[in-house]
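Observations on the model geometry
Here is how the chains run, residue by residue.
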Amino acid sequence: MTGHYTRIGLTERIVSFAVLFLILALILIPYAYIIVTAFKEPGEVFETSWVPEQLSFQAWTDVFTIFEFHKFLLNSLIAGLGSAILAVIISLPGAYIFARKNFKFRETFFYLIVGTLVFPFILLIVPITITWIKIGLFNTFTGLWLAFQIFAVPYCVWILRGFFAQLSPHLEEAAMVYGCTQFQAFYKVMVPLAKPVVISVLFLSFLYGWSDFLFSNMLTTGGGPQTASIAIYIATAGGERIEWEMLAVMTLVAGVPPTVVYMMAQKYLSQTFATAT
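Residues numbered from 1 in each chain as written. Predicted model: local features only at pLDDT ≥ 70, side-chain atom pairs only at ≥ 80, totals over all residues. Heavy atoms only, no water.

1. Brief notes about the overall build of the protein chain
- Along the protein chain, the regular secondary structure elements total twelve helices and zero strands.
- Counting from the amino terminus, helix and strand elements in the protein chain follow one another as α-α-α-α-α-α-α-α-α-α-α-α.
- Over its C-alpha trace the protein chain gives a radius of gyration of 24 Å, far above what one expects of a compact globule, namely 19 Å for 277 residues.
- For the protein chain, the C-alpha atoms occupy an extent of roughly 80 × 75 × 35 Å along the three principal directions.
- Long-range pairs, those at least 24 residues apart, make up 74% of the contacts in the protein chain with a sequence separation of at least 6.
- Looking at the protein chain as shown, the accessible area adds up to about 16,200 Å², and 72% of this sits on carbon and sulfur atoms.
- On the protein chain, the mean spot of the 14 positive side-chain charges and the mean spot of the 14 negative ones are 21 Å from each other. (Helix = DSSP H or I, 4+ residues; strand = E, 2+ residues; numbered from the N terminus. Rg over C-alpha atoms; globule rule 2.2 N^0.38 Å. Contact = heavy atoms within 4.5 Å. Areas by Shrake-Rupley, 256 points an atom, 1.4 Å probe, with all protein chains shown as cover. Lys, Arg positive; Asp, Glu negative; His and termini not counted. Charge placed at Lys NZ, Arg CZ, Asp CG, Glu CD.)

See below:
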């Protein structure tokens, strides 16, 4: 009987490892192909061989010299950082008030704000574009930062409010006993306690600003702050021939900063979502 259960356990482990290997292969094979393509000559891109006959860095050179992809990356960085900082500045006090203060229609207002996350943002493109043109925000970083808040602020308020609501209701009272005003209790006591969550929402807001295509495409033009996602789109639709090796290079380079930031914020993201559950 023991041998029977041992065989069953061994079979389950083999099946589990096989399924995990299949999932891992499905995820990694496309990335591996992109990496290989980035080092191929244009004439080798459509060949069945994975290993290029000769490593070529021509695509990497062309991406930064001819296409000037570094300018788009800088625009993405500014758009992402601005979006993240503005989202935290707006959502941090808002989430605190929704979590710690009692007022009429508090829950109604909160769910109205969070409920905008299910609204299809594409319907807002035309009115936002017209409004931004009229008030001078079209084709500017400020216009992008404000447009990104349509998604970032409700999402950040939702996460931060859940954290503040779990804290002891006596924290502010204890701080005020030691001479703090209510505002000082907020930024000297509550904000430091919320550090992991603040870093998490900073990362999520930065990621949205970095990778956004919809607003970045509609609210900017060729002479404005177009981001890396727009550059990749232009590379696929802007000419008679798609330079696949250059497209692979841009995809790889554009994916590096979010990956690095994620690795830096991973610990705080784990703490945030562990607390939320």
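2. A short note on the pattern of salt bridges
- Applying the stated criterion to the full structure yields four salt bridges.
- Between Arg161 and Glu107 there is a salt bridge, with the nearest N and O atoms lying 2.5 Å from each other. Of this pair, Arg161 sits in helix α6 (residues 141-166) while Glu107 sits in helix α4 (residues 106-115); the two residues are 54 residues apart in sequence, bridging distant segments of the chain.
- Residue Arg161 is classed as buried on the basis of its relative accessible area of 13%.
- A single network of salt bridges, built from pairs that share partners, joins Arg106, Glu107 and Arg161. (Salt bridge = Lys/Arg side-chain N within 4 Å of Asp/Glu carboxyl O. Buried < 20%, exposed > 50% of the residue type's maximum accessible area, 1.4 Å probe, protein only.)

3. Digging into the packing of α6 against helix α9 (residues 195-211)
- Remark: α6 packs on α9, axes separated minimally by 10 Å, with the N-to-C direction vectors making an angle of 160 degrees. Judged by the inter-axis angle, α6 sits roughly antiparallel to α9. Handedness of the α6/α9 crossing: right-handed. Contacts from Phe148, Phe151, Ala152, Tyr155, Cys156, Ile159, Leu160 and Phe163 of α6 reach α9 at Val197, Val198, Val201, Leu204, Ser205, Tyr208 and Gly209.
- Residue composition of the contact of α6 with α9, grouped by class: 13 nonpolar, two polar and no charged. (Axes fitted to C-alpha atoms, helices over the stretch in contact; angles between N-to-C directions. Parallel < 35°, antiparallel > 145°, perpendicular 65-115°, else oblique. Left-handed = near helix turned anticlockwise from the far one by under 90°. Nonpolar A, V, L, I, M, F, W, Y, C, P; charged D, E, K, R; others polar.)

4. Regarding a nonpolar patch on the surface
- A grouping of Leu74, Leu77, Ile78, Leu81, Ile85, Ile89, Ile90 and Leu202 is seen on the molecular surface, where their side chains present a nonpolar patch of about 660 Å² in accessible area.
- Top element by residues in the nonpolar patch is helix α3 (residues 69-100). It accounts for seven residues.
- Here Leu81 is to be found in helix α3.
- Relative accessible area serves as the criterion here: at 44%, Leu81 is assigned to the partly exposed category. (Patch = residues over 30% accessible without salt bridge, like charges linked within 9 Å, V, L, I, M, F, W, Y side chains within 5 Å.)

5. Quick notes on the nonpolar core
- Among the nonpolar cores identified, the biggest contains 24 residues, and Leu92, Leu160 and Phe164 are the most heavily contacted of them.
- For this core, the elements supplying multiple residues, two or more each, are α3, α4, α6, α8 (182-193) and α9.
- If you tally residues by element for this core, the top one is α6, at eight residues.
- Residue contacts for Phe164: discarding those within four places in its chain leaves Leu92, Ala95, Tyr96, Ala99, Arg100, Met190 and Ala194. (Core = buried A, V, L, I, M, F, W, Y, C linked by side-chain atoms within 4.5 Å.)

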